[in-house]
Amino acid sequence: MRDQVSLVKYAPILLLLFSFRLPAAAADFSAAGSSVVGKDPAAVAVGDFDGDGKLDAVVANFGSDNVSVLLGNGDGTLREPQNYRVGVGPKSITVGDFDADGKLDLAVANSGSNNLSVLLGKGDGTFRRALNCDVGMRPQFVAAADFNGDGKMDLAVATSGSNGLSVLLGNGDATFQSAQNYRFGTGPQSLALGDFNSDGALDVAVANAGSNNVTVLLGKGDGTFQTAANYAVGKSPYFIAVGDFDGDGKPDLAVTTRAGKNVSVLLAKGDGMFHEAVGYVAGTKAR
């Protein structure tokens with residue numbers, strides 16, 4: 001049986017709710033709309049895949065080894081999904097222009113087949129057959145950015161089976177150089193990007209579920225990274241996000257953990273280092 005994906009439940013922005021003062025008039029949302037996609041949807045990303053100015057959605061279906069593309073109507077509803085085969089056990093998906101043709105493409109982390117699937121967009125909302133490239137063991141999360149400043153999209157992948165990060169520099173033609181691998185904590189589950197030391201180069205923060213910590217790797221601007229620094233957080237950190245939580249202009253980190261005070265916030269010092277994590281209680285088994 002195919003599962004339903006709720007556009008609210010699987011929104012691509014993690015909402016971290018703790019002791020913020022709410023404005024007098026709180027935002028109001030309509031009831032969630034649902035669309036039928038593949039089995040066990042695990043991740044969602046958005047982009048304008050057909051160039052009509054309306055946001056579309058793409059869902060990675062862990063249980064059916066495919067992705068579902070749902071084109072937006074511009075009124076908050078989505079059309080019927082179009083499915084594309086990828087590797088085994090897709091866990092994460094990101095959007096970028098990997099062949100520099102001005103059309104959005106997809107990159108999918110396949111945890112069961114230890115590879116990435118790249119699907120090139122045709123610009124009309126459809127995609128070409130997946131191209132696969134190997135990464136570390138059990139990739140859990142993928143993000144796209146230009147790590148070496150050459151104007152070509154690169155990929156960073158958290159690999160739980162290899163206990164590290166795989167960085168694949170893009171060639172600008174939908175192919176990638178061999179992965180550069182970095183080893184650090186145990187069982188990394190997700191990553192987030194930001195400039196944590198204000199040097200203009202992108203840095204990476206990774207949530208390590210097995211070692212109960214967060215790893216920060218500062219970028220050198222050439223696609224390589226400095227030695228990892230680790231910060232203790234709560235038990236089994238799973239999802240990590242970047243934001244300025246104290247309004248000082250420095251990007252901080254927020255991490256969901258699956259036990260105890262299950263949102264940990266690490267305030268940035270601005271030099272690439274972070275203060276000790278402070279925990280907040282949210283729901284149970286936060287992911």
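As shown above, the structure is provided for reference.
Since we're looking at a predicted model, the values are computed, not measured.

Reading the values: rules and limits
Residues numbered from 1 in each chain as written. Predicted model: local features only at pLDDT ≥ 70, side-chain atom pairs only at ≥ 80, totals over all residues. Heavy atoms only, no water. Pairing = 2+ DSSP bridges. Helix = DSSP H or I, 4+ residues; strand = E, 2+ residues; numbered from the N terminus. Axes fitted to C-alpha atoms, helices over the stretch in contact; angles between N-to-C directions. Buried < 20%, exposed > 50% of the residue type's maximum accessible area, 1.4 Å probe, protein only.

Sorry if this is basic, but what is going on with the sheet that holds strand β9 (residues 115-119) here?
Backbone hydrogen bonds are what pair the strands of a sheet, in a parallel or an antiparallel way. Taken together, the four strands give an open sheet; going across it, the order is β7-β8-β9-β10, and neighbouring strands pair in antiparallel fashion. Only two strands of the sheet have a single neighbouring strand rather than two, namely β7 (90-96) and β10 (131-134). Taking the axes of each pair of neighbouring strands and ignoring which way they run, one obtains an average angle of 25 degrees across the sheet. Bridge analysis of β7 against strand β8 (residues 105-110) gives six bridges, and the strand direction is antiparallel. Across the sheet, glycine 96 pairs through a bridge with aspartate 105, a residue of β8.

Sorry, what's going on with the pairing of strand β21 (residues 263-266) here?
Consecutive residues of a regular strand have side chains that alternate between opposite faces of the sheet. Across the two faces of β21 the burial is the same, with Val263 and Val265 and Ser264 and Leu266 all buried. Where strand β20 (residues 252-257) meets β21, four bridges bridge the pair, whose relative direction is antiparallel. The partner of valine 255 across the bridge, within β21, is serine 264. As defined by bridge partners, β21 adjoins strand β22 (residues 278-280) across three bridges and the pair is classed as antiparallel. Bridging from a neighbouring strand, valine 265 pairs with valine 278 of β22.

Got a minute to help me understand the sheet that holds strand β16 (residues 203-208) in this structure?
Pairing in this open sheet of four strands is antiparallel, and the strands run β15-β16-β17-β18 from one edge to the other. Every other strand in the sheet has two partners, leaving β15 (188-194) and β18 (229-232) as the edge strands with one partner each. When strand polarity is set aside, the average angle formed by the axes of neighbouring strands in this sheet is 25 degrees.

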